[in-house]
Amino acid sequence: MSEIVVFGHPSLKQKSTNITSIDDYIINLSKKMIKIMYEAPGVGLAAPQIGINKNIFVFDAGDGPKVAINPVLEKVSGEIIFMEGCLSLPGYYWDIERYEYARISCLNEKNQQVIYEGDDLLGRVLQHEFDHLNGKLLLSSLKRKERRNALKEISIKGFPGDQI
Ligand SMILES: [Zn+2]
């Protein structure tokens, strides 16, 4: 059974807090998150999606698994609309408008200061996972009417695997 929590879970709406030391707990957490992300499968996973409100996310935009701890969104530019989904909203996809390029500075699991930056999928994943740490889901990026329709659809259909 998946450990990923879905829309409606309180941890998805909470702002996460910074990690004060990269100890064994955090290293193990990052390994566990990478495993869950690949099993899902997905290209990114943020800690709130497994019920932990700490500022850490993992992703793999085609370049191997990466860990972002206490990320700061440093720069964004451009604009692009792209079909996007979320492991916490399984089975749903919407056209989401985002910045085309994003740059994040953070620590990795080795306590090194690193920069992740890019456009296309990478830029998108960085923004998506960063949003999770701020308690933001895809739904909040939708226009009012679209959001209303999405919420209605979810309330009727639920998520794949839900008990009806
Ligand atoms: Zn997501």
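Residues numbered from 1 in each chain as written. Predicted model: local features only at pLDDT ≥ 70, side-chain atom pairs only at ≥ 80, totals over all residues. Heavy atoms only, no water.

A.B. asks: I keep staring at the pattern of salt bridges and nothing clicks. Help me out?
C.D. replies: Close approach of charged atoms lets side chains of opposite charge pair. Considering all chains together, one arrives at seven salt bridges under this definition. A salt bridge links Glu 74 to Arg 103; the nearest nitrogen and oxygen atoms lie 3.2 Å apart. Here Arg 103 lies in strand E6 (residues 101-107) and Glu 74 lies in strand E3 (residues 66-77), a separation of 29 residues in the sequence. One salt-bridge network, held together by shared partners, links Glu 84, Arg 98, Arg 124 and Asp 131. (Salt bridge = Lys/Arg side-chain N within 4 Å of Asp/Glu carboxyl O. Helix = DSSP H or I, 4+ residues; strand = E, 2+ residues; numbered from the N terminus.)

A.B. asks: Where do I start with the coordination of the zinc ion in this structure?
C.D. replies: When a metal carries six donors in an octahedron, the ideal angles between them are 90 or 180 degrees, while four donors in a tetrahedron ideally lie at 109.5 degrees. Coordination sphere of the zinc ion, protein contribution only: Cys 86 (SG), His 128 (NE2) and His 132 (NE2), at 2.0 to 2.2 Å. For Cys 86, a relative accessible area of 9% translates into the label buried. For His 128, a relative accessible area of 9% corresponds to the buried category. (Donors = N, O, S within 2.8 Å, 3.2 Å for Na, K, Ca; no water. Buried < 20%, exposed > 50% of the residue type's maximum accessible area, 1.4 Å probe, protein only.)

A.B. asks: Help me understand the packing of aromatic side chains in this model?
C.D. replies: Ring pairs (aromatic) are described by centroid distance and by the angle formed between their planes. Taken as a whole, this structure holds four aromatic pairs when the rule is applied. Each ring, one from Tyr 92 and one from Trp 94, has its centre 5.8 Å from the other, and the planes form 15°; the classification is stacked. Seen in terms of ring centroids, Tyr 92 and Phe 159 are 5.7 Å apart; in terms of plane orientation they differ by 90°. Their pairing is edge-to-face. Of the two residues, Tyr 92 sits in the loop between strand E4 (80-84) and strand E5 (94-98) while Phe 159 sits in the segment after helix H3 (144-157), which places them 67 residues apart along the sequence. Comparing Tyr 92 with Phe 159, the two get one shared label, buried. One aromatic cluster in this structure is built from Phe 57, Phe 59 and Tyr 116. (Phe/Tyr/Trp six-rings, centres within 6.5 Å; stacked < 30°, edge-to-face > 60°.)

A.B. asks: Quick question: what am I supposed to make of the pairing of strand E2 (residues 56-59) here?
C.D. replies: Residues in a regular strand project their side chains so that they alternate between the two faces of the sheet. Taking every second residue as pointing to the same face, both faces of E2 are buried, with Ile 56 and Val 58 on one and Phe 57 and Phe 59 on the other. Inspection of the sheet shows strand E1 (residues 44-46) paired to E2 by three bridges, in the antiparallel sense. Among the inter-strand pairings, Ala 46 is bridged to a residue of E2, identified as Phe 57. Sheet topology note: the E2/E3 ladder contains four bridges and is antiparallel. Counted as the bridge partner of Val 58 is Val 67 from E3. (Pairing = 2+ DSSP bridges.)

A.B. asks: Is there a simple way to explain a nonpolar patch on the surface in this structure?
C.D. replies: On the surface, Phe 82, Met 83 and Tyr 93 cluster together into a nonpolar patch covering about 380 Å² of accessible area. Looking at the element boundaries, Phe 82 is found in strand E4. Overall, Phe 82 belongs to the partly exposed group, its relative accessible area being 46%. (Patch = residues over 30% accessible without salt bridge, like charges linked within 9 Å, V, L, I, M, F, W, Y side chains within 5 Å. Areas by Shrake-Rupley, 256 points an atom, 1.4 Å probe, with all protein chains shown as cover.)

A.B. asks: How do you make sense of helix H1 (residues 24-39) when you look at a structure like this?
C.D. replies: An α-helix turns once per 3.6 residues; consequently, residues spaced three or four apart project the same way. Its 16 residues give H1 an end-to-end C-alpha distance of 22 Å, which sits within 8% of 22 Å, the value for a rise of 1.5 Å per residue. Among the residues making up H1, those that are buried are Ile 26, Leu 29, Ser 30, Met 33, Ile 34, Ile 36 and Met 37. The buried residues of H1 all sit within an arc of 165° when viewed along its axis, so they share a single face. Facing away from the buried side of H1, by more than 90 degrees, are the exposed residues Asp 24, Lys 31, Lys 35 and Glu 39. Close packing links the buried residues of H1 with E1, E2 and E3. (Expected span 1.5 Å × (residues − 1). Arc of directions from axis to C-beta. Contact = heavy atoms within 4.5 Å.)

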